[in-house]
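Results of the structural survey
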Amino acid sequence: MKSILIGTFLWGVLFYCGSCSRGTGIGEARIETEKLFFKELKKSEIHNAFLAVYSPSHPIDWNYSGGKFQNGDVVSAANPFYTASIGKVFTATAIALLVEQGQLRFEDPVGQYLPDSIVKNLHVLSDQEYSSQIRVAQLLQHTSGLPDYFEDQTLDGSPNVMELLFADTQKFWTPEETIFFTKEKMKPLFEPGNGYHYTDTEYVLLGLIIEKVSGKSLHHFFKEAFFTPLDMSQTFMFKRSKPIEKSGKMAEIFVEDFEVSTMNSLTADWAGGGIVSSAGDLIKFQQALFSGKIISPELLKKMQPWVPESHGMEYGFGLRKIYLKKLFPVLPDLTLIGHSGSTASFMFYCPQLDVYLAGTLNQTSEVKQSVVLMTEVLTILKKALSRGDAVN
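Figured I'd write up the structure that's included with this text. Throughout, residues of each chain are indexed from 1 in the direction in which the sequence is written. Residues qualify for local features only when their pLDDT is at least 70, as the model is predicted, and side-chain atom pairs are given and counted only at 80 or more; totals for whole chains, interfaces and linings, by contrast, use all residues. Hydrogen atoms and water are omitted, and side-chain values are computed over all heavy atoms in the structure.

**A look at the packing of aromatic side chains**
Each pair of aromatic rings taken from Phe, Tyr and Trp, with Trp reduced to its six-membered ring, is defined by centres within 6.5 Å and is described as stacked if the planes are under 30 degrees apart, edge-to-face if over 60, and tilted in the remaining cases. Scanning the entire structure with this criterion turns up 19 aromatic pairs. Here the aromatic rings of Tyr-349 and Tyr-356 are separated by 4.3 Å at their centres, their planes lie at 25 degrees, and the arrangement is stacked. Among the residues examined, Tyr-349 registers a relative accessible area of 12% and is labelled buried. Here the aromatic residues Phe-90, Phe-222, Phe-226, Phe-227 and Phe-285 are joined through ring pairs into a cluster of three or more. A ring has a charge above it when a Lys NZ or an Arg CZ is no more than 6 Å from the ring centre and no more than 35 degrees off the ring normal. Residue placement shows Lys-88 over the ring face of Tyr-203; its charged tip is 5.7 Å from the ring centre. The ring centre of Trp-173 lies 4.8 Å from the NZ or CZ of Lys-171, which sits over that ring. With a 1.4 Å probe rolled over the protein chains alone, any residue whose accessible area is under 20% of its type maximum counts as buried; one over 50% counts as exposed, and the rest are partly exposed.

**Examining the nonpolar core**
As used here, the term nonpolar core means buried Ala, Val, Leu, Ile, Met, Phe, Trp, Tyr and Cys residues forming a set that is joined through side-chain atoms within 4.5 Å. Formed by 89 residues in total, the largest nonpolar core has its most connected members in Phe-90, Ile-95, Phe-106, Ile-209, Phe-222 and Phe-285. A per-element tally of this core places helix H3 (residues 87-100) first, with 9 residues. Setting aside residues up to four positions removed in sequence, Phe-90 forms contacts with Phe-222, Phe-226, Phe-227, Met-232, Ile-275, Leu-282 and Phe-285. If you look at the next biggest cluster of nonpolar residues, it comprises 37 residues, including Ala-29, Leu-324, Leu-334 and Leu-381. Per the convention used, a helix needs a DSSP run of H or I reaching at least four residues, while a strand needs a run of E reaching at least two, with both numbered from the N terminus. Any two residues having at least one pair of non-hydrogen atoms within 4.5 Å are treated as being in contact.

**A few points about the sheet that holds strand S9 (residues 275-277)**
Taken together, the 3 strands give an open sheet; going across it, the order is S3-S9-S6, and neighbouring strands pair in antiparallel fashion. One side of each edge strand has no neighbouring strand; the edge strands of this open sheet are strand S3 (81-82) and strand S6 (236-237). Here, any two strands with at least 2 DSSP bridges between them count as paired.

**Looking at the layout of surface pockets**
Size it by volume and the largest pocket reaches roughly 230 Å³. By the convention adopted, Pro, Cys, Tyr, Trp, Phe, Met, Ile, Leu, Val and Ala count as nonpolar, Lys, Arg, Asp and Glu as charged, and the other residues, Gly among them, as polar. Here the lining of the largest pocket is composed, by residue class, of 4 nonpolar, 3 polar and 4 charged. With a 1 Å grid spanning the protein atoms alone, the term cavity applies to any set of points in which a 1.4 Å probe fits but cannot get out, the term pocket to an open set with protein on both sides within 12 Å along at least five of seven lines, and the term lining residue to any residue with an atom within 4 Å of a point. Grid points are joined across faces, edges and corners, and a volume is the space filled by probe spheres set on the points.

**Some details on the packing of H3 against helix H9 (residues 218-227)**
In contact at an axis separation of 11 Å, H3 and H9 are set at 75 degrees when each is read in the N-to-C sense. As the angle between them shows, H3 and H9 are arranged roughly perpendicular. Contacts from Phe-90, Thr-91, Thr-93, Ala-94, Leu-97 and Leu-98 of H3 reach H9 at Phe-221, Phe-222, Ala-225, Phe-226 and Phe-227. Residue composition of the contact of H3 with H9, by class: 9 nonpolar, 2 polar and no charged. Interaxial angles span 0 to 180 degrees and are taken between N-to-C directions of axes, which are lines fitted to C-alpha atoms, for helices over the stretch in contact. Oblique is the label for any angle not under 35 degrees, not over 145, and not in the 65 to 115 range, which are roughly parallel, roughly antiparallel and roughly perpendicular in turn.

Have a look at this one:
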């Protein structure tokens with residue numbers, strides 16, 4: 001699903017970060033981080049939450065989970081969660097892996113891999129068809145001009161797919177249905193390469209390209225390329241596959257007071273965000289990606305031709321970059337690279353501190369707060385690491 005973007009209003013975290021002058025060691029930082037996490041859990045709108053913080057170069061390997069299911073069962077690290085748009089990183093990395101294997105190129109036209117039934121009339125603007133001009137790279141970076149079937153308005157005012165999720169919760173969506181819906185009900189926003197517009201439509205197309213090139217279903221490709229070799233035992237695709245090992249039931253997702261985790265209609269969120277995982281598994285993936293274990297460092301660099309997304313944020317190939325100091329000048333001069341999701345999920349790497357963060361608040365109204373939480377944790381760690389403390 002589309003990730004809700006972050007503005008510059010983060011006054012709560014600004015006050016916290018600006019007034020926290022006392023230095024802390026790693027041990028104290030761990031205590032402060034735990035306090036922050038359980039402070040979030042006390043909020044009435046947050047029913048469950050997960051947070052993992054890890055550094056390969058510092059004694060930091062913390063994993064927090066908590067909350068309850070509606071039936072009273074306790075939520076633990078054994079319960080995976082819906083990662084939403086974090087799945088875009090997996091899809092983009094799968095494309096990059098195929099590029100590294102020589103099976104496609106970022107600059108290839110999408111029509112080279114997709115059938116006419118998908119490509120024809122995909123991008124028609126002012127009575128001119130631009131479908132043949134769309135490149136793989138433009139799908140990755142949200143610069144194709146295609147509309148978003150989830151949240152954009154339809155031409156006739158009928159419900160978009162986000163609204164249809166709740167109108168028919170039992171519907172199982174196929175990728176092709178979402179593309180046909182987009183072509184029939186919506187119109188592009190600009191010519192390919194002439195703007196930026198975040199859209200899951202592009203990532204469905206990328207998923208179809210992965211299937212075409214690899215000859216495998218997307219969930220099988222993910223399992224063989226990522227989940228199994230990286231021992232991501234709790235990770236799978238929602239309603240399409242199972243985890244490598246038996247795990248607890250998926251943590252419940254909330255849209256305000258409405259619980260949505262059992263809705264079959266969430267299958268509309270496929271290559272753009274249909275992965276279920278754990279905070280620990282997400283960090284395994286992140287570390288493998290940024291340490292050159294999945295693709296080469298050179299190719300990872302090619303995935304980062306940043307374009308402006310919103311104030312303090314830029315977008316690459318399935319990667320989002322957040323500049324904390326650009327969000328507000330008093331924040332630490334740190335960057336985060338990864339992705340966030342509409343369920344308040346997050347998976348980011350901070351290169352300056354060599355720290356990985358992953359988790360969720362599992363509440364769509366708390367997306368902004370998830371960024372506040374990450375900022376607070378990184379501020380604490382920056383102060384701790386600046387002291388050179390190595391006391392766990």
